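Report on the structure
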Amino acid sequence: MSELVTGDAVVLGLRPAKLPSRALALAIDLVVVWVVYLLVSFGLALATGSLDDAAVAALAIVSFLLILVGGPIAVETLSHGRSLGKLACGLRVVRDDGGPIRFRHALVRGAMGVVEILMSFGVIACIASLVSARGRRIGDVFAGTLVVRERVPAGRMAMVPPPPPWLVGRFVELDLSAVPDELWLAIRQYLTRMGQLEADVSRSMAERLADDLAARTGAPAPEGVPAGAYLAAVVHERQARDARRAFGGSPGPAPASPAVTHVAPVAPAHPPTSADAAALAPAPKPEPPSAPGAGAEGAPRRTGFAPPA
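Here goes a summary of the coordinates provided. These figures come from a predicted structure and were not determined experimentally.

Reading the values: the criteria
Residues numbered from 1 in each chain as written. Predicted model: local features only at pLDDT ≥ 70, side-chain atom pairs only at ≥ 80, totals over all residues. Heavy atoms only, no water. Salt bridge = Lys/Arg side-chain N within 4 Å of Asp/Glu carboxyl O. Helix = DSSP H or I, 4+ residues; strand = E, 2+ residues; numbered from the N terminus. Buried < 20%, exposed > 50% of the residue type's maximum accessible area, 1.4 Å probe, protein only. Patch = residues over 30% accessible without salt bridge, like charges linked within 9 Å, V, L, I, M, F, W, Y side chains within 5 Å. Areas by Shrake-Rupley, 256 points an atom, 1.4 Å probe, with all protein chains shown as cover. Pairing = 2+ DSSP bridges. Axes fitted to C-alpha atoms, helices over the stretch in contact; angles between N-to-C directions. Parallel < 35°, antiparallel > 145°, perpendicular 65-115°, else oblique. Contact = heavy atoms within 4.5 Å. Nonpolar A, V, L, I, M, F, W, Y, C, P; charged D, E, K, R; others polar. Core = buried A, V, L, I, M, F, W, Y, C linked by side-chain atoms within 4.5 Å. Left-handed = near helix turned anticlockwise from the far one by under 90°.

This part covers the pattern of salt bridges. Summed over all chains, the structure comprises seven salt bridges. A salt bridge links Lys86 to Glu76; the nearest nitrogen and oxygen atoms lie 3.5 Å apart. With Lys86 in helix α3 (residues 84-89) and Glu76 in helix α2 (residues 53-78), this pair connects stretches of sequence that are ten residues apart. With a closest N to O distance of 2.8 Å, Arg241 and Glu237 form a salt bridge. Remark: Glu237 and Arg241 occur in helix α9 (residues 227-246); sequence separation between them is four residues, near one turn of the helix. One exposure class covers both Arg241 and Glu237, and it is buried. A single network of salt bridges, built from pairs that share partners, joins Arg22, Glu76, Lys86, Arg109 and Asp140.

Structure (C-alpha cells):
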C-alpha cells in the first residue's frame with residue numbers, strides 16, 4: 001500500500017495499480033481511440049478527395065493530435081482520471097496527495113504518452129513502471145500523479161469506527177446526494193487513520209472535512225458535537241442507506257418497531273397446596289337459567305297426568 005501524505009499530514013491508504021491492470025486498461029483505451037481515429041480518417045478521406053496532398057497531410061496531422069492525443073487528455077480531465085479502460089479495470093489517476101487531477105496533470109501525461117506509449121509502442125512506459133516503486137511511468141513522474149485501484153476487496157479495507165450511540169439515526173433526513181465520491185473517500189480515509197494522528201492534526205483535519213461536508217449537505221454539525229463524531233455519524237447513515245437499498249429496503253429510515261417487554265416467570269416461595277390450587281382455579285361458568293317446566297336434557301317432562309290403564 002502506498003502512503004500518500006496530504007498537506008495536513010494525513011496518510012492515505014491508496015493502493016497503486018500494478019502493471020498488468022494498467023496494461024489492460026491502456027489496451028482498452030488504445031483500441032477505442034484507434035477505432036475512432038480510423039473512422040474519422042476514413043470519413044476525411046472521402047470528404048477531402050478533391051484537396052491537394054498538403055491539405056490532406058495537414059488534416060491527418062490535426063486529426064492525429066486531436067483524437068490520439070487530445071482525446072485522452074479531455075477524457076481524463078472531464079472524468080477526473082477515469083478513462084474507459086481505467087473505469088473497466090477499477091483504476092483511477094490521482095495526484096500525489098490523493099486529490100483529483102486537473103487539466104495540467106492530464107496534459108503532461110498525454111504529452112509524455114505520445115513518446116513513451118505511441119512512439120515506443122509502450123516499451124518505455126512498461127520499463128518505467130517496473131522500475132518505479134509505485135508503478136509510475138514517466139508521464140506520472142512529471143505530472144505528479146499516480147494510478148491507484150478504486151475497487152479494493154472488502155476484507156482488505158480498514159473498518160470505519162462506529163459513531164457514538166447517541167448520534168445514530170440523528171441524520172436520517174440529511175440529503176447526501178450532492179456529496180462527491182472524492183469527499184467520501186477522504187472522510188473514510190481520515191476515520192480509519194485518525195487514531196494514528198496527533199491530536200491537533202486530527203482535530204484540524206476533522207474540522208476541515210466537516211466544513212466541506214456541511215457545505216455539500218447544507219446542514220452543519222450540531223452544536224457541541226465533535227467534528228470526528230459528526231463525520232462518523234454521517235458515514236454510518238450513508239452505509240445504512242446503501243445497505244437498505246442493496247437488500248431491497250426503503251432508502252429512508254426504517255420504521256421503529258414497538259418495544260416488547262418480556263417478564264421472566266417467578267418461582268413460588270413454597271409448593272402449591274390444595275387450597276392454593278382451589279383459589280387459582282377458574283370459577284365455573286354459571287349455567288343459563290332453564291325455562292320453567294324444563295327438565296334435564298333428554299328426560300321426559302312430568303305433567304302429573306297418568307294415562308288410563
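Text resumes after the structure shown.
Where nonpolar side chains cluster on the molecular surface, the patch consists of Val32, Val36, Val40 and Leu84 and spans about 280 Å² of accessible area. No other element matches the three residues that helix α1 (residues 19-47) contributes to the nonpolar patch. Within the element layout of this structure, Val40 appears in helix α1. Residue classification places Val40 among the partly exposed positions, given a relative accessible area of 33%.

The backbone of His80 shows a phi angle near 60 degrees, a positive value even though the residue is not glycine. Inspection of the secondary structure assignment puts His80 in the loop between α2 and α3. Note on His80: relative accessible area 35%, which makes it partly exposed. A positive phi angle, close to 55 degrees, is found at Phe121, a residue other than glycine. Among the secondary structure elements, Phe121 is positioned in the loop between α4 (103-119) and α5 (123-131). Relative accessible area serves as the criterion here: at 77%, Phe121 is assigned to the exposed category.

With that settled, consider the pairing of strand β3 (residues 91-95). Burial within β3 is extensive, with five of its five residues counted as buried. The alternating pattern of β3 places Leu91, Val93 and Arg95 on one face and Arg92 and Val94 on the opposite face, and all of these are buried. The pairing of β3 with strand β4 (residues 145-149) spans five bridges and is classified as antiparallel. Bridged to Val94 within β4 is Leu146.

Between α4 and α5, whose axes approach to 5 Å, the crossing angle comes to 105 degrees. For the element pair α4 / α5, the angle class is roughly perpendicular. On α5, the residues that touch Val115, Glu116 and Ile117 of α4 are Val123, Ile124 and Ala125. Here the contact of α4 with α5 is composed, by residue class, of five nonpolar, no polar and one charged.

By size, the foremost hydrophobic cluster in this structure holds 27 residues, and its most contacted members are Ile187, Tyr190, Leu191, Leu213, Tyr230, Leu231 and Val234. Among the secondary structure elements, those contributing two or more residues to this core are α7 (181-193), α8 (199-217) and α9. Take this core: its biggest share by element is eight residues, from α9. Within the second largest apolar cluster, six residues are counted, among which are Ala17, Ala25, Ile101 and Val147.

Each pair of packed helices can be described by the angle between their axes along with the distance between the axes. Relative orientation of the contacting elements α7 and α8 amounts to 150 degrees, with a least axis distance of 11 Å. Between α7 and α8, the crossing angle belongs to the class labelled roughly antiparallel. The chirality of how α7 crosses α8 is left-handed. For the pair α7 and α8, contact is made by Leu183, Ala186, Ile187 and Tyr190 and by Ser202, Met205, Ala206, Leu209, Asp212, Leu213 and Arg216, respectively. Taken together, the residues that form the contact of α7 with α8 break down as eight nonpolar, one polar and two charged.

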